[in-house]
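# Architecture at a glance
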Amino acid sequence: MRLRIAIATVAGLGAAVTGYLTLVHYTGARLVCPTSGCEVVQRSRYAELFGVPVALLGLLGFVAILGTALVSGPEAAQAGAGLALVAFLFSGYLLVVQLVAIHAICTWCVTSDALTTLLLPLTWLRVRSSGRDAAPAARSGRGSLAAPRLLP
Amino acid sequence: MLRSGPLSVRVAAIAVVVVAVLVTASLLSARRSSGSSASPAAGVADARALLDGIPQKGLALGSPKARLTIEEFADIQCPYCKRWTLDHFPAIVSSYVRTGKVRVVFRPLAFIGADSKRAARTVVAAGRENRLWQLVDVLYEQQGAENSGWASQDVLDSAVAGLGLEAAPVRAVSRTAATGAVLTAAQAEADRLGVSSTPTLVFRVRGEAPMTIDPNAAFDPAELSAAIDAALAR
């Protein structure tokens, strides 16, 4: 349960960060940023995928991971871990793009990357613990079979 | 069926495929944005509607036979210049430039910072393709916070490509000494005329001394029209 709460919290923070970037993209509001890199990155040609803001994709990803944390069970754990892996790898690609192609770093993007990186071990730990949680149910099944039957 | 325990191979494989699709889409989208078939940048449609059909050459917009030339000293990063161009300039274009009465010449200043220099050089380079005024309009639409790095090469290339020009040649021209000389000349003229703020409009009627317009008048449509009519009547 604690893992699910941790995952939900981190995913919620990620949704807040990417939600803000998405809002700025669509409203044209000034982006609050400690450096000039945010504007440069957010206005680059890598900030959209065929017209869809990357920030929006990030928001959807974090919301999906948050959703898996709200659902119990090994399938939800696997889905959360899979989504976290996608987010981690794609964030890595975007970080390389910032360094190599855009030559600027967006502070908000790095914050989102850090949250994504944190989600990966959390979701994987959940998968492992959901596997351990599933094992006792099997053992209790064997136990009931091993229980002495009452003879009529 | 998903198995509990370590991340299942199937889920990991799906994740890798999804990432591959996203990365490929990102690279294709970025390449498309930098090519000549880029989707139009913000403001392109408005710029085209305003300026299409009006002769344009280098820094000048309008008929070379126009009696009055208005020189606009402006910095692409200047928010007042943006306001004037987007809010007040269209009326001048419709009433005076399109009718052949007035010709406008852009004098690029770059005093605010590095973004100003990059943007100014790029608009001058676009002037070689007779698209300076469209690019000025588009860049004002996309204007970001001063010296925030908003006028990056990527943004400028995208804006140029959105006008149907090839970004690479315009970029190359923007970096030449000849383009730098245009900025130097504009600054020298601004210094000579005592231009101390932007936007500053200078009226030049053939055969007469240049006249600098009160900046407040530039933002008052009635006053500006009256000043133009008076200059045309001289």
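This text goes with the structure placed above it.
Values in this document were obtained by computation on a predicted structure and should not be read as measured data.

## Things to note about the layout of surface pockets
Residues and elements named next belong to chain A. The space that makes up the second largest pocket amounts to roughly 600 Å³. In this structure, the second largest pocket is lined by 32 residues; those nearest its centre are V54, L57, G58, F90 and L94. Looking at the lining of the second largest pocket, the elements with two or more residues in it are α1 (2-27), α2 (37-42), α3 (54-70), α4 (74-102) and α5 (107-146). Of all the elements, α4 adds the most residues to the lining of the second largest pocket, at nine residues. Class assignment of the residues belonging to the lining of the second largest pocket gives a composition of 21 nonpolar, 10 polar and one charged.

## Quick notes on the environment of R204 of chain B
Residue and element names in this part refer to chain B. Mapped onto the elements of the fold, R204 is located in strand β5 (residues 200-205). Taking C-alpha positions, R204 is 8.6 Å from R67, a pair spaced 137 residues apart along the chain. Apart from the residues lying within four places of it in its own chain, the contact partners of R204 are R67, L68, T69, E71, E189, R192, L193 and P210. Looking at R204, its side chain comes within polar contact range of the side chain of E189, at 2.4 Å.

## A word on the pairing of β5 of chain B
Residues and elements named next belong to chain B. β5 sits mainly inside the fold: five of its six residues count as buried. Across six bridges, strand β3 (residues 68-74) lies against β5 in antiparallel orientation. Note on β5: the bridge partner recorded for E71 is V202.

## Re the sheet that holds β3 of chain B
Strand pairing within a sheet occurs via backbone hydrogen bonds; the two strands may be parallel or antiparallel. Residues and elements named next belong to chain B. Reading across from one edge, β1-β2-β4-β3-β5-β6 is the order of the six strands in this open sheet, with mixed pairing throughout. At either end of the open sheet lies a strand with only one pairing partner, and these are β1 (56-57) and β6 (211-212). In this structure, strand β2 (residues 60-61) lies alongside strand β4 (residues 102-108), joined through two bridges in antiparallel fashion. In the sheet register, A60 faces β4, and the bridge partner there is V105. Of the strands in this sheet, β2, β3, β4 and β5 are in contact with helix α3 (residues 79-97), which crosses β4 at around 155°. Contacting β3, β4, β5 and β6, helix α8 (residues 177-193) runs over the sheet at an angle of about 100° to β3.

So, how was this worked out
- Starting afresh in each chain, residues are numbered from 1 along the sequence in its written order.
- Written order determines the labels here, with chains lettered from A and ligands numbered from 1.
- For a predicted model such as this one, the threshold for reporting local features is a pLDDT of at least 70, and the threshold for listing and counting side-chain atom pairs is 80 or more; totals across whole chains, interfaces and linings nevertheless cover every residue.
- Side-chain measures were taken over the full set of non-hydrogen atoms in the model, leaving aside hydrogen atoms and water.
- Cavities and pockets were defined on a 1 Å grid built over protein atoms only: a cavity is a set of grid points that admits a 1.4 Å probe from which the probe cannot escape, a pocket is an open set flanked by protein on both sides within 12 Å along at least five of seven lines, and lining residues are those with an atom within 4 Å of any such point.
- Grid points are joined across faces, edges and corners, and a volume is the space filled by probe spheres set on the points.
- Elements are defined by DSSP. Helices are runs of H or I of four residues or more, strands are runs of E of two residues or more, and each kind is numbered from the N terminus.
- Note on residue categories: nonpolar means Ala, Val, Leu, Ile, Met, Phe, Trp, Tyr, Cys or Pro, charged means Asp, Glu, Lys or Arg, and polar means any other residue, Gly included.
- The criterion used for residue contact is that any of the two residues' heavy atoms lie within 4.5 Å.
- Contacts described as polar in this section are N or O atom pairs within 3.5 Å, which, within protein, must combine one atom able to donate a hydrogen with one able to accept it, while residues neighboring in sequence count only if both atoms come from side chains.
- Throughout this description, buried means an accessible area under 20% of the type-specific maximum (1.4 Å probe, protein chains only), exposed means over 50%, and partly exposed covers the range between.
- Two strands qualify as a pair provided that DSSP identifies no fewer than 2 bridges between them.
- Simply put, an axis is a line fit to the C-alpha atoms, just over the touching stretch for a helix, and the angle between two N-to-C directions goes from 0 to 180 degrees.

Spatial relationships are all this shows, so hold off on functional conclusions.
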